[in-house]
Amino acid sequence: MFNKVLIANRGEIAVRILRACRELGIETVAVYSEADRHALHVRLANEAYLLGPAPSRESYLRGEKIIEIATQSGAGAIHPGYGFLAERADFAQAVLDAGLAFIGPKPSAIAAMGDKGIARATVSAAGVPVVPGTEGEGALSDADLLKLAPEIGFPLLVKATAGGGGKGMREVQNLQEMPVLLQSARREAESAFGDGNVYLEKLVEGARHIEIQILADEHGNVVHLGERECSLQRRHQKLFEEAPSLFIGDDEELRQRMGQVAVRAAQAVNYVNAGTIEFLVDRDRNFYFLEMNTRLQVEHPITEAVTGVDIVKEQIRIARGRTLSFTQADVQMNGWALECRVNAEDPYSNFMPSTGKISHLLLPTGPGVRVDTGVFPGSEISPYYDSLISKLIVFGQTRAEAILRMRRALEEYKIVGVRTNIPFHQKLMDSHRFMAGQFDTQFVEQHFDMETSGRAGEPIPEIAAIFATLVAHQDTERSTHVIQRNERDTSNWKWVGRWERLHR
Amino acid sequence: MFNKVLIANRGEIAVRILRACRELGIETVAVYSEADRHALHVRLANEAYLLGPAPSRESYLRGEKIIEIATQSGAGAIHPGYGFLAERADFAQAVLDAGLAFIGPKPSAIAAMGDKGIARATVSAAGVPVVPGTEGEGALSDADLLKLAPEIGFPLLVKATAGGGGKGMREVQNLQEMPVLLQSARREAESAFGDGNVYLEKLVEGARHIEIQILADEHGNVVHLGERECSLQRRHQKLFEEAPSLFIGDDEELRQRMGQVAVRAAQAVNYVNAGTIEFLVDRDRNFYFLEMNTRLQVEHPITEAVTGVDIVKEQIRIARGRTLSFTQADVQMNGWALECRVNAEDPYSNFMPSTGKISHLLLPTGPGVRVDTGVFPGSEISPYYDSLISKLIVFGQTRAEAILRMRRALEEYKIVGVRTNIPFHQKLMDSHRFMAGQFDTQFVEQHFDMETSGRAGEPIPEIAAIFATLVAHQDTERSTHVIQRNERDTSNWKWVGRWERLHR
Amino acid sequence: MKYITTINDREYSVEILDERRVVVDGVCYAVDFESVSGQPVFSLLVDGKSYEAYIYDSDDALEVLLRGALYSAAVVDEREHRLRSAFGSGPTQSGEYYLKAPMPGLVIDVPVTDGQEIAEGDVLLILESMKMQNELKAPRAGVVSRIKVAVGESVERRQTLLSVV
Amino acid sequence: MKYITTINDREYSVEILDERRVVVDGVCYAVDFESVSGQPVFSLLVDGKSYEAYIYDSDDALEVLLRGALYSAAVVDEREHRLRSAFGSGPTQSGEYYLKAPMPGLVIDVPVTDGQEIAEGDVLLILESMKMQNELKAPRAGVVSRIKVAVGESVERRQTLLSVV
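What counts and how
Residues numbered from 1 in each chain as written. Chains lettered and ligands numbered in written order. Predicted model: local features only at pLDDT ≥ 70, side-chain atom pairs only at ≥ 80, totals over all residues. Heavy atoms only, no water. Helix = DSSP H or I, 4+ residues; strand = E, 2+ residues; numbered from the N terminus. Rg over C-alpha atoms; globule rule 2.2 N^0.38 Å. Buried < 20%, exposed > 50% of the residue type's maximum accessible area, 1.4 Å probe, protein only. Contact = heavy atoms within 4.5 Å. Areas by Shrake-Rupley, 256 points an atom, 1.4 Å probe, with all protein chains shown as cover. Lys, Arg positive; Asp, Glu negative; His and termini not counted. Charge placed at Lys NZ, Arg CZ, Asp CG, Glu CD. Buried area = accessible area lost by both parts, 1.4 Å probe. Salt bridge = Lys/Arg side-chain N within 4 Å of Asp/Glu carboxyl O. Polar contact = N/O pair within 3.5 Å; in protein donor to acceptor, adjacent residues only side chain to side chain. Nonpolar A, V, L, I, M, F, W, Y, C, P; charged D, E, K, R; others polar. Domains from an automatic or database assignment. Least-squares fit on C-alpha atoms with pLDDT ≥ 70 in both. Pairing = 2+ DSSP bridges. Axes fitted to C-alpha atoms, helices over the stretch in contact; angles between N-to-C directions. Arc of directions from axis to C-beta. Phe/Tyr/Trp six-rings, centres within 6.5 Å; stacked < 30°, edge-to-face > 60°. Lys NZ or Arg CZ within 6 Å of the ring centre and 35° of its normal.

1. Some points on the overall build of chain C
For chain C, the count of helices and strands is one helix and 16 strands. In summary, chain C has a C-alpha radius of gyration of 21 Å against a globular reference of 15 Å for 165 residues, an excess of more than 25%. Within the span of chain C, comprising 165 residues, buried residues form 43% of the whole. In chain C, the share of contacts with a sequence separation of at least 24, taken over all contacts with a separation of at least 6, comes to 39%. Entry remark: accessible area of chain C is about 8,400 Å², with carbon and sulfur atoms responsible for 47%. Each charge class in chain C can be summarised by its mean position, and for the 17 positive and 27 negative side chains these summaries are 3 Å apart.

2. Considerations on the overall build of chain A
Scanning chain A for helices and strands turns up 16 helices and 22 strands. Computed over the C-alpha atoms, the radius of gyration of chain A is 26 Å, within 12% of the 23 Å expected from 2.2 N^0.38 for a compact globule of 504 residues. With respect to the principal axes defined by its C-alpha atoms, chain A has extents near 95 × 55 × 50 Å. Burial statistics for chain A: of 504 residues in total, 62% are counted as buried. For chain A, the share of sequence-separated contacts (at least 6 apart) that also reach a separation of at least 24 residues comes to 66%. With the model as given, the accessible surface of chain A reaches about 18,200 Å², and the carbon-plus-sulfur share is 49%. Within chain A, the 66 negative side-chain charges are centred at a point lying 6 Å from the centre of the 56 positive side-chain charges.

3. Thoughts on the interface of chain A and chain B
Contacts between chain A and chain B engage 41 residues on the former and 41 residues on the latter. Note on chain A versus chain B: buried area summed over both sides is about 3,600 Å², and carbon and sulfur give 60% of it. The tally of links from chain A across to chain B stands at 10 salt bridges. Glu23(B) is the salt-bridge partner of Arg405(A), the closest N and O atoms lying 2.8 Å from each other. Our enumeration of links across chain A and chain B arrives at 18 residue pairs in polar contact (both at pLDDT 80 or more). Breaking the side of chain A that touches chain B down by element, the ones donating at least two residues are α1 (11-23), α2 (40-44), β18 (360-362), β19 (369-373), α12 (399-412) and α16 (461-502) of chain A. Its residues assigned to classes, the side of chain A that touches chain B comprises 17 nonpolar, eight polar and 16 charged.

4. Focus on the domain arrangement of chain A
By a widely used convention, the size of an interface equals the accessible area lost when the partners come together. Residues and elements named next belong to chain A. Under the domain assignment used here, chain A contains domain 1 (4-103), domain 2 (132-202), domain 3 (208-447) and domain 4 (461-504). Here the C-alpha centre of domain 3 lies 27 Å away from the C-alpha centre of domain 2. If you look at the interface, domain 2 gives nine residues, while domain 3 gives six residues. Regarding the contact of domain 2 and domain 3, the summed buried area is about 630 Å², with carbon and sulfur atoms giving 39% of it. Where domain 2 packs against domain 3, one counts zero salt bridges.

5. Quick notes on the relation of the copies chain A and chain B
Between the two copies of the chain lies a rotation about an axis combined with a shift along it. When chain A is fitted to chain B, the best match, at an RMSD of 0.0 Å, comes from turning it 180° and sliding it 0.0 Å along the axis. These values place the two chain copies in the arrangement generated by a two-fold rotation axis. Comparing interface residues between copies, 100% of those in chain A also sit at the interface in chain B, which points to an isologous, same-surface contact.

6. Focus on the sheet that holds strand β14 (residues 336-343) of chain B
Either a parallel or an antiparallel arrangement is found when strands of a sheet pair, and the pairing is made through backbone hydrogen bonds. Residues and elements named next belong to chain B. Spatial ordering of the open sheet is given by β13-β12-β9-β10-β11-β14-β21-β19, a layout of eight strands whose pairing is antiparallel. At either margin of the open sheet sits one strand with a lone partner, and together these are β13 (287-293) and β19 (369-373). If you compare each strand with its neighbour and ignore which way they point, the axes differ by 25° on average. Contacts from helix α1 (residues 11-23) reach β19 and β21 (388-396), with the element oriented near 115° to β19.

7. Here we look at helix α4 (residues 89-97) of chain B
Residues and elements named next belong to chain B. Those residues of α4 lying buried are Phe91, Ala92 and Val95. Viewed along the axis of α4, the buried residues span an arc of 100°, placing them on a single side of the element. Seen from the buried face of α4, the exposed residues on the opposite side, beyond 90 degrees, are Asp90 and Asp97. Once α4 ends, the next one or two residues include Gly99, with phi positive near 80°.

8. A closer look at the interface of chain A and chain C
The interface of chain A with chain C comprises 49 residues on the first partner and 51 residues on the second. Summed over both sides, the interface between chain A and chain C buries roughly 4,700 Å², with carbon and sulfur atoms accounting for 67% of that surface. For the pair chain A and chain C, the number of links is three salt bridges. Glu52(C) serves as the salt-bridge partner of Lys414(A), at 3.6 Å between the closest nitrogen and oxygen. Counting across the interface, chain A meets chain C through 15 residue pairs in polar contact (both at pLDDT 80 or more).

9. Brief notes about the packing of aromatic side chains
Under the defined criterion, the tally for this structure stands at 30 aromatic pairs over all chains. Ring geometry for Phe434(A) against Phe439(A): centres 5.9 Å apart, planes inclined by 25°, an arrangement best described as stacked. The pair Phe434(A) / Phe439(A) is uniform in exposure class, with both members buried. For the ring pair Phe84(B) and Tyr385(B), a centre distance of 6.5 Å and an interplane angle of 75° mean the geometry is edge-to-face. Taken together, the residues Phe84(B) in the loop between β4 (77-79) and α4 and Tyr385(B) in the loop between β20 (380-381) and β21 connect sequence positions 301 residues apart. Grouping residues by exposure puts Phe84(B) and Tyr385(B) together as buried. The rings of Phe240(A), Phe351(A), Phe424(A), Phe434(A), Phe439(A), Phe443(A) and Phe448(A) are connected pair by pair, giving a single aromatic cluster. The ring of Tyr12(D) carries Arg10(D) above its face, with NZ or CZ at 4.1 Å from the centroid.

10. Quick notes on the domain arrangement of chain C
Under the domain assignment, chain C is made up of domain 1 (2-87) and domain 2 (97-164). Summarising the inter-unit geometry, the C-alpha centres of domain 1 of chain C and domain 2 of chain C are found 35 Å apart.

11. Overview of helix α11 (residues 311-319) of chain A
The buried fraction of α11(A) amounts to eight of the nine residues, a majority that puts the element mostly inside the structure. Along α11(A), the residues classified as buried are Ile311(A), Val312(A), Lys313(A), Glu314(A), Gln315(A), Ile316(A), Ile318(A) and Ala319(A).

12. Considerations on the pattern of salt bridges
One pass over the full model with this rule turns up 94 salt bridges over all chains. A salt bridge links Arg146(C) to Glu96(C); the nearest nitrogen and oxygen atoms lie 2.5 Å apart. With Arg146(C) in the loop between β14 (142-145) and β15 (154-155) and Glu96(C) in the loop between α1 (78-87) and β9 (97-100), this pair connects stretches of sequence that are 50 residues apart. One salt-bridge network, held together by shared partners, links Arg16(A), Arg19(A), Glu23(A), Glu304(A), Asp310(A), Lys313(A), Arg370(A), Asp372(A), Glu401(B), Arg405(B), Arg408(B) and Glu412(B).

This is the structure in structure tokens:
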């Protein structure tokens, strides 16, 4: 049984995993790129080793080097986090071949679920409903896809076979625009996953994106930890999640049915460790398998908050060969949890990524607030990695309490040095439709506007005018002073000049 | 019913109360001294008004001015926090007289429990056991006290009648040293509370300090929220608390009996709102009433963590006239919570207070960690107020998990600019006696040494030597460079000198 | 000192009497204005009401981020305002538009060529940063000129990528 | 550059070969040493092991706060160390002791008088700060001289309060 774990990741998730290891008395090994020497995961680990230059391909994607470091440092296991190497079956296999434990599922399960086509065919065979599409067809050419599209019907989605996180995904309204969109989806997929294959899926309109967290041990026990509502997305990137889902609400029968289907999907590939089954749920409460994420999810903390289960610690216990310490009957969801993904991007400039150095940081704290982050005052947000800099998670006894708590936490949160999407989340928390739970996966793009304001009494442009005028006034006064100081400073030089002229 | 609350306090507790108000949709009014213009409670409140200069007497103790501000700003209630005016019956009465709600008990209950002598006599009459002492005797002279002392027996404690928080308290071993100690206790009590009266109490050796949190509404309902273990003190100042108490452990009968006695003590003075009954528990599990704190306690968050009750929100609901939303049967303690009081004091210099500007701050975050604080990067720790700058609270499923979590949180916590007692807490968390629960109120002073080290593999002086040498080496190199730069900078002045000499 | 401050086409007359008093459109307010920790974060008390805002310099204006809303404020002093009113505001709408990189990144695609006519909203360039591909679009119609970067090139923030004339 | 670094009477010979290599008592280590955010907090990798410490200047030594333990380290370069060994260490134990305020505060009591003989551990002055009364004690026996403050007076950090000769 291992007592030292290498964490093959960076940022908030590396810190999250480090903390779990520390709290289990397990030693930690960090790996880092040249851009990350000062990163928190390097500072908090027991050991840290350089991988290479900043770009992922030369650092965090170097599987062989990571395995070599694990072996040399005496780590007995590798935790891949999410992203990077987390869903690469070949990497998981290489870890096992090196005699190390992989804190995640078996390579065969990653492979089966990693190819979205195979995944859909597999779970479909196990009796799990899937969204209509080109599942199980392998690599299709543009010509094939264009022929199949009208059979599925428009609107539809082009999705990356190796994909996830919205990359390589395009919405297609009609056959005419499809060739261009196919091309850009393939290009993005190629760049993100090294695999340009795509498939088609019917776009379910007005649908919700709801997922089920599962945990499975090596002894055949599989439990689900209830659902997460992940419909609030932009460009198919999740921005905000909550647990439980208001849409499912008191429909305990639906919750348990989805949970059982999720367990069945996991069992179909002999799944072990933590995983997530993503479903689309239409207005009539029909649900369809979308994909399985064979790794820890960004949004796992909200499930931790409502179930009391520490998912990362469970992952480690499972990888150590332990039997799950609880059964399905022990799992209870209590209260309500929300998560805002705080990204370094400017919501007022079309969510463009923002880079820079964090010069000042004030974290929200107090009851019911959890922040998972890898940044600190003085840390650099570089263009090399994704824009997630922090996750703000709140817990309340009710959804209303959680929303009020999130509002105050967002208002308290100060990050100076990069622009963040905190104002987006503030607007979201004030949105009446959000509060009423009236949203689907299209909500942010179709019904949301950073320019309109929600809360009563706001906006307060007059106060903004006072702020701006006082700052402008100070700047004017300060620049006047600086000029005067410069005049004094240069006076010596005038003397020098006179002396030089005299002796020319 | 009020919709705006004035918070008559500063620091972490003002921020804690502000947050509760915000989460209830209640407007907030802050008050501040000249030293606190930049303080977090001023920044986070809806309104903020200046009280006066930095010293408490000229600012946070100005009851009349505070009531005037409440009235003028339209606040319907005042929350006093702890310290300052929190346990002043005359202030509470003045608040009521001004037509405002006081978020705390009735003035009569504050008065009854505020005079420790009267308190002991009252609860004793209600059948609650008290530590032997000079209870209910009113103001006694030194001569009276010296005469009574041998009857109680040595060692004994001199305690301030109006006191709390260890101020005006002295341990007396024999009659000879008693006059000097009486004098210093009276002096400190006079300075802290404006009342130099003291009383005597038997010192129970090997005792634990365990307290019970109660909540009482205006409709006669009183519930207790279980115990807190507060034995870890230094100079009678609490440094660390946990809930539940390992000493009580599985003895549910003792827990319920103490809870019922606490409820009875509260009922004896018709208590309303949140309060705490402090007990001494001797080795044989006999418990004695020590005093009642008629206010919110510093350590309330650990009870919140194990019971799920938000005590500050309950205080506000009670003050709004609501009935408690739960009964004694609903109160369950789950898991384990620890609190470290992070003070601006140097554990390596006899815990001397440390002042200065916080230039850098890295808060521990992640699962199960709560920080309550009023400081931020750039804030000043002044000599005017107490040294508590932050409370670090962790929650775990078990005591062991909580201790491991606290260790990692303490190691993550970085505060630069003032010295803190974080190293003390780190040593405490590594102490085998602490881990085994073998401690009493004398533990820190008798069995604890900042110089000895607990954890295996530590200390690592060789690593410290490398750190120190590298810093010294850098300093040497840097000072060399500075001298060279200065030489360049002054070169102009040499020219000027030459020019002046030429034209003298 | 008197200023005219414009937010969303609404003009506010703001006179700063002294450190503690400001007159806005004829109404006098007690103010207490402080920078927090030397950062572009400011705390402002206006007749006792407490506000906090981030304030950033943008090209021609100050951006005030206040309670989750962004206000773009143009501040000019009274004298300058009179001059501008008399002679019309300076910059004209025509002229060359320079597309600058909004962040450091890698050029993934430049789907236009020199001299190509484009419409407003057309994609001019695709820039990858933080694992996202960002489409930079034309703010107005025109003709592409002076493309300065090629596919595969790394660019710095604010680097000029191409122009639209 | 070679240094002799003393912690708790144990001497370490520390040679800094270059930015990446340090020899301690004859054993060579790969090091990577960085200041964090420009603060007196330092991150050090020693053969891959990650450490972080606060380092403060104290009078004659550097205080290293590492994993909850404080190490007082005196660092001298080899040449100086040789000189000191040859001629004995500089400062002598006798001489005047200056009692300085460890923090800003208010003088509550001065229970000694000028010329009074005192023993080690006697209380020289009571200083209130942060609502706590702190007793400042004599580090050695001697005679009190030059009391510079009176009861009720506010003092600054490091201000000299009195001397012991």
